[in-house]
Amino acid sequence: AISNAPSVIFFDELDSYGTRSATSGNRHSRYMTSVVNDLLQQLTRLNAADGVIVLGATNFIENIDAAILRSGRFDTKIPVSHPDKAGVHAILSHHMQADVAIADNIINRLLGQSGADLANIARDAKRRARRDRHVVTVRDLEVATDAIEPAATAHDLYRIAAHEAGH
């Protein structure tokens, strides 16, 4: 990254480096401390280099050593939440690449899924259509959705309503 500046270096799954405190007393603690310390050194070098942008991503920020996250290494933290209704619709539409009307009931069932999960559901719908030798339809999307997020039955809805009424 430094020799090819301007450049961007991206660390995916930054939490995989762990934290030095979580391994204390562990038989691998010296090794993990060494790994984290080396990453700290490299991050300091990269951030000091002109024309180098350092980015990282994680699903578990709490598992990252505090020294890795401090200012000067990763100055800005941007939380990215799961897509809202418009985001779910946009992601499914993009990946379906067909004139499939995506119903609100499917979108509502998929709220809370990650973008990667939604892309996988769209791929599954297309795979089902190819297997059955027809153009992808809303039914393929419904079946793919059911595999990930089964529809609530009338019995489930009654139980949820009774539970919520108890509050």
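In what follows, the structure referred to is the one given above.
The structure presented is a predicted model; accordingly, all values stated were derived computationally and were not measured. (Residues numbered from 1 in each chain as written. Predicted model: local features only at pLDDT ≥ 70, side-chain atom pairs only at ≥ 80, totals over all residues. Heavy atoms only, no water.)

It is worth spelling out the overall build of the protein at this point. When helices and strands are counted, the protein shows 7 helices and 2 strands. For the protein, the N- to C-terminal ordering of α and β elements is β-α-β-α-α-α-α-α-α. Over its C-alpha atoms the protein spans a radius of gyration of 23 Å, topping by over 25% the 15 Å that the globule rule assigns to 167 residues. Here the C-alpha coordinates of the protein stretch approximately 55 × 45 × 30 Å along the principal axes. As displayed, the protein offers around 11,100 Å² of accessible surface, 53% of which is attributable to carbon and sulfur atoms. Separation between the mean location of the 18 positive side-chain charges and that of the 20 negative ones in the protein comes to 6 Å. (Helix = DSSP H or I, 4+ residues; strand = E, 2+ residues; numbered from the N terminus. Rg over C-alpha atoms; globule rule 2.2 N^0.38 Å. Areas by Shrake-Rupley, 256 points an atom, 1.4 Å probe, with all protein chains shown as cover. Lys, Arg positive; Asp, Glu negative; His and termini not counted. Charge placed at Lys NZ, Arg CZ, Asp CG, Glu CD.)

Here the focus is a nonpolar patch on the surface. A cluster of nonpolar side chains, V8, F10, I53 and L55, forms an exposed patch at the surface whose accessible area comes to about 380 Å². Here F10 shows up in strand β1 (residues 7–11). (Patch = residues over 30% accessible without salt bridge, like charges linked within 9 Å, V, L, I, M, F, W, Y side chains within 5 Å. Salt bridge = Lys/Arg side-chain N within 4 Å of Asp/Glu carboxyl O.)

Among the nonpolar cores identified, the biggest contains 16 residues, and L92, M96, L110 and L141 are the most heavily contacted of them. Elements with a minimum of two residues in this core: α3 (85–96), α4 (104–110), α5 (115–131) and α6 (138–148). For this core, the element with the most residues is α5, which contributes 5 residues. Setting aside chain neighbours within four positions, we find L92 in contact with I102, I106, L110, L118, A122 and L141. Core analysis: the next-biggest nonpolar cluster, separate from the first, contains 15 residues, L39, L46, A67 and F74 among them. (Core = buried A, V, L, I, M, F, W, Y, C linked by side-chain atoms within 4.5 Å. Buried < 20%, exposed > 50% of the residue type's maximum accessible area, 1.4 Å probe, protein only. Contact = heavy atoms within 4.5 Å.)

In this section: the packing of α5 against α6. Relative orientation of the contacting elements α5 and α6 amounts to 125 degrees, with a least axis distance of 8 Å. Judged by the inter-axis angle, α5 sits oblique to α6. Between α5 and α6 lies a crossing of right-handed hand. Each of I121, D124, A125, R128 and A129 in α5 lies in contact with α6, whose residues at this interface are D140, L141, V143, A144, T145, A147 and I148. (Axes fitted to C-alpha atoms, helices over the stretch in contact; angles between N-to-C directions. Parallel < 35°, antiparallel > 145°, perpendicular 65-115°, else oblique. Left-handed = near helix turned anticlockwise from the far one by under 90°.)

Next up on the list: α6. When we look at burial in α6, the residues that qualify are D140, L141, A144 and T145. In a view along the axis of α6, the buried residues occupy a sector of 135 degrees, so they form one face of it. Looking at the buried residues of α6, the elements they touch are α3, α4 and α5. (Arc of directions from axis to C-beta.)

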